[in-house]
There are 2 protein chains.
Amino acid sequence: MGGDHGPHVTVPAALEFQARQPDVGLVLVGQPDALERELAALGAVPGERLRVQAASEVVAMDEPVATALRAKKDSSMRVAVDLAKSGAAHACVSAGNTGALMAISRFVLKTLPGIDRPAIATVIPTMKRTKTYVLDLGANVDCTAEHLLQFGIMGAMLVAAVEHKERPIVGLLNIGVEDIKGNETVKRAAELLRASGLNFAGNVEGDDIFKGTCDVVVCDGFVGNAVLKAVEGVLQMMSSSLREEFARTPLTRLSALAALPVLRAFRGRMDHRRYNGASLLGLRGIVVKSHGSADRYAFGQALERAVEEVRNEVPQRIERRMLQGQAVTP
Amino acid sequence: MGGDHGPHVTVPAALEFQARQPDVGLVLVGQPDALERELAALGAVPGERLRVQAASEVVAMDEPVATALRAKKDSSMRVAVDLAKSGAAHACVSAGNTGALMAISRFVLKTLPGIDRPAIATVIPTMKRTKTYVLDLGANVDCTAEHLLQFGIMGAMLVAAVEHKERPIVGLLNIGVEDIKGNETVKRAAELLRASGLNFAGNVEGDDIFKGTCDVVVCDGFVGNAVLKAVEGVLQMMSSSLREEFARTPLTRLSALAALPVLRAFRGRMDHRRYNGASLLGLRGIVVKSHGSADRYAFGQALERAVEEVRNEVPQRIERRMLQGQAVTP
């Protein structure tokens, strides 16, 4: 039910996804009328592989987290997370209110042993055509060094699982690469990460996210959120001014026509929809958050991400690593 | 002497600047040999309007701040800031080591009454073709709410002075626009800004920097630095992949030729060199930091910024506002 477009996007995305992944079953959770209307319009009939699970309420995109958590026990979001808890579903995907999804997931699923706070991780494409996973992106605004260490472990386990890298490179976002840089929390986090047994590359800076220096960049949720939104803002500005410049005169419009295949390839390469689907890590279960503005294609990518995490046992990997960490550190 | 290119860029930039601004005198501070060699190569002769001031040492770009401050009393940076202190110069412009420049400026010039810490402010172009001033950009990694308030006042006074806006709009960088968002420091800073008499717009998010929602965006130096470097990184990635796509085949290279005027206009619009020159605010004097990688044109823009700040009495404005603030708040 969530996101800017609700079932009008999520339902067709689910059908397209099932056409690609015939062995994955889906449960559409929400108001049956709305869901069945969308299914009928697409000529689809619910069945064993594609089930509708009724939920009478919807968490609004701007709803306070406390209301969503306490007052809406039959929201589509809550029921979907409950399914992931009971084992009726292997993962939950939502395009809804991020804060509510995190709070409900944490309340229902609980965190893994040794994880104080779940984190949100997303994928960023790099200049080297590799991917950087950045976390946290807004779940945690006041982080201790221990939290940052846990983010490093969770990020590394995610990359190890879904990218099949044995020893993912972990960097710590700072305002300079030297050890003396940064605030006390970050300096202490660097010490913890260095002693963690992870493949720790030390401090990295904001531009390293796009240089592909590391597989994982760790930061607190305040910084991560500000950075990601600023990047979204500058990309929007770039594409709108490129469009404006090409639209200026009949001649520039003609040259846009000539450059169209290139501009399309460029847009494809920069297409953030390909990377849609942020992972809520550190929970006893798999929850993926789609961007609220996701279209069918983008929402489909979030579904793919959830399946990847199920198949590669991301929570189990994090749990094993946390237990192993406790065994070697006092 | 500073920056990636030293006098080879700063000296020609100074001459070009003086051709545009014939009533502004310049003192080139550094190793006389190096400076005079560059001047001679360009057929320029030092005189009253263009003086060379000898300084025997140079602060290296990666030199620890403590060494630069304590052990290099005759560095070009130190002598230049001393000139701004004595009144022999109205402002100091450097492309050198940012940390050293901030430490030396603070030590020599001191902060204005009521300002605990100087901040670094830079200009960002927006989608609306306006400018957003963002501060702090890395001088202060652990900020209290009071520091953020002071950044807001300094930023507003800078914009009032150089952009001639009576009531600049000030926003506070946060991870959501609602009052309940963010950490305790940011929440308290919002209260202080709201009570400050400034034209405070409340919380803004990372993308607002590029939307032109505000004239001034306030954040702590850690966040500001991370955001700015990430934005630099994504812009680099964008332009390198646009170049790659156009270079792919003979046909795409042909279409690049057709699109050349548009691509040039676009590059001009996005040209960060136009906005080169970050202001060190809150000092009893004017200090402008040029990007280390600045070319002649960019370094000239930093010189222009310094002159603008002198002509519009930026420190005096901040000082008056701080005194006024003390009169109204207990």
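Residues numbered from 1 in each chain as written. Chains lettered and ligands numbered in written order. Predicted model: local features only at pLDDT ≥ 70, side-chain atom pairs only at ≥ 80, totals over all residues. Heavy atoms only, no water.

**With respect to the pattern of salt bridges**
- Applying the stated criterion across every chain yields a total of 34 salt bridges over all chains.
- The shortest N-O distance in the salt bridge between Arg 129 of chain B and Glu 245 of chain A comes to 3.8 Å. Note that Arg 129 of chain B is positioned in the loop between β4 (119–125) and β5 (131–135) and Glu 245 of chain A in helix α9 (residues 221–246), a pairing that runs across two chains.
- Residue classification places Arg 129 of chain B among the exposed residues on the basis of a relative accessible area of 52%.
- Across the salt bridge formed by Lys 131 of chain B and Glu 163 of chain B, the nearest N and O atoms sit 3.1 Å from each other. Residue Lys 131 of chain B is located in strand β5, and its partner Glu 163 of chain B is located in the loop between α6 (145–162) and β6 (169–173); the two are separated by 32 residues in the primary sequence.
- On the accessibility criterion, Glu 163 of chain B (25% relative accessible area) is partly exposed.
- Through salt bridges with shared partners, one network takes in Arg 129 of chain A together with Glu 244, Glu 245 and Arg 248 of chain B. (Salt bridge = Lys/Arg side-chain N within 4 Å of Asp/Glu carboxyl O. Helix = DSSP H or I, 4+ residues; strand = E, 2+ residues; numbered from the N terminus. Buried < 20%, exposed > 50% of the residue type's maximum accessible area, 1.4 Å probe, protein only.)

**Quick notes on the pairing of strand β2 (residues 50–54) of chain A**
All names here are of chain A.
- With five bridges connecting them, strand β1 (residues 26–30) and β2 associate as parallel partners. Looking at β2, one finds that Leu 28 is bridged to Val 52.
- In this region the chain leaves β1, passes through helix α2 (residues 32–41) and returns to the parallel neighbour β2; the handedness of that crossover is right-handed. (Pairing = 2+ DSSP bridges. Right-handed = clockwise from strand over helix to strand, strands pointing away.)

**Considerations on the sheet that holds β5 of chain B**
Residue and element names in this part refer to chain B.
- Spatially, β3-β10-β9-β4-β5-β8-β6-β7 is the arrangement adopted by the eight strands of the open sheet, whose pairing is mixed. Of all the strands in the sheet, the pair left with one neighbour each is β3 (91–94) and β7 (199–204). Direction aside, neighbouring strands of the sheet carry axes that sit 25° apart on average. (Axes fitted to C-alpha atoms, helices over the stretch in contact; angles between N-to-C directions.)

**A look at the environment of Lys 187 of chain B**
- Mapped onto the fold, Lys 187 of chain B is located in helix α7 (residues 184–194).
- Separated by 15 residues in sequence, Lys 187 of chain B and Leu 172 of chain B place their C-alpha atoms 9.6 Å apart.

**Thoughts on the confidence of the model for chain A**
- For chain A, per-residue confidence averages 92 on the pLDDT scale, and 98% of positions sit at 70 or higher.
- We note a pTM of 0.91 for the whole complex and an ipTM of 0.88 for its interfaces. (pLDDT = per-residue confidence, 0-100.)

**Overview of unusual backbone geometry**
- The step from Leu 135 of chain A to Asp 136 of chain A runs through a cis peptide bond, and the omega angle for that step is 5°.
- If you trace the backbone, Asp 136 of chain A turns up in the loop between β5 (131–135) and α6 (145–162).
- The phi angle at His 164 of chain B is positive, at roughly 55°, despite the residue not being glycine.
- Tracing the sequence through the fold places His 164 of chain B in the loop between α6 and β6.
- What makes His 164 of chain B exposed here is its relative accessible area of 57%.

**Looking at the relation of the copies chain B and chain A**
- Taken as rigid bodies, chain B and chain A are interconverted by a rotation of 180° and an axial shift of 0.0 Å, the fit giving an RMSD of 0.0 Å. Expressed as a symmetry operation, the mapping of one chain copy onto the other fits a two-fold axis. Minimal C-alpha separation from the rotation axis in chain B is found for Val 227 of chain B, amounting to 2.4 Å.
- The overlap is high: 100% of the interface residues of chain B also sit at the interface in chain A, so the same surface is used on both sides. (Least-squares fit on C-alpha atoms with pLDDT ≥ 70 in both. Contact = heavy atoms within 4.5 Å.)

**Re the sheet that holds strand β9 (residues 278–281) of chain A**
All names here are of chain A.
- Taken in spatial order, the eight strands of this open sheet run β3-β10-β9-β4-β5-β8-β6-β7, and their pairing is mixed. At either end of the open sheet lies a strand with only one pairing partner, and these are β3 (91–94) and β7 (199–204). Across the sheet, the axes of successive neighbouring strands diverge by a mean angle of 25°, strand direction being ignored.

**Concerning the interface of chain B and chain A**
- Taken together, the contact between chain B and chain A spans 51 residues of the former and 51 residues of the latter.
- Of the roughly 4,700 Å² buried between chain B and chain A on both sides combined, carbon and sulfur atoms contribute 75%.
- Across the chain B-chain A interface, the total number found is six salt bridges.
- Applying the counting criterion to the chain B and chain A interface returns four residue pairs in polar contact (both at pLDDT 80 or more).
- Every element with two or more residues in the side of chain B that touches chain A is listed here: α7, α8 (208–211), α9 (221–246) and α10 (250–270) of chain B.
- The leading source of residues in the side of chain B that touches chain A is α9 of chain B, at 21 residues.
- Across the side of chain B that touches chain A, the residue classes tally to 26 nonpolar, 14 polar and eleven charged. (Buried area = accessible area lost by both parts, 1.4 Å probe. Polar contact = N/O pair within 3.5 Å; in protein donor to acceptor, adjacent residues only side chain to side chain. Nonpolar A, V, L, I, M, F, W, Y, C, P; charged D, E, K, R; others polar.)

**Description of the pairing of strand β10 (residues 286–289) of chain A**
Residue and element names in this part refer to chain A.
- Both faces of β10 are covered, namely the face carrying Ile 286 and Val 288 and the face carrying Val 287 and Lys 289.
- In terms of strand pairing, β3 meets β10 through four bridges, oriented parallel. Looking at the pairing, Ala 91 lines up with Ile 286 of β10.
- Relative to β10, β9 runs antiparallel, the two sharing three bridges. Bridge pairing in β10 links Ala 278 to Lys 289.
- In this structure, the hairpin formed by β9 and β10 is closed by a connection of four residues, where Gly 282 is found at a positive phi of approximately 95°.

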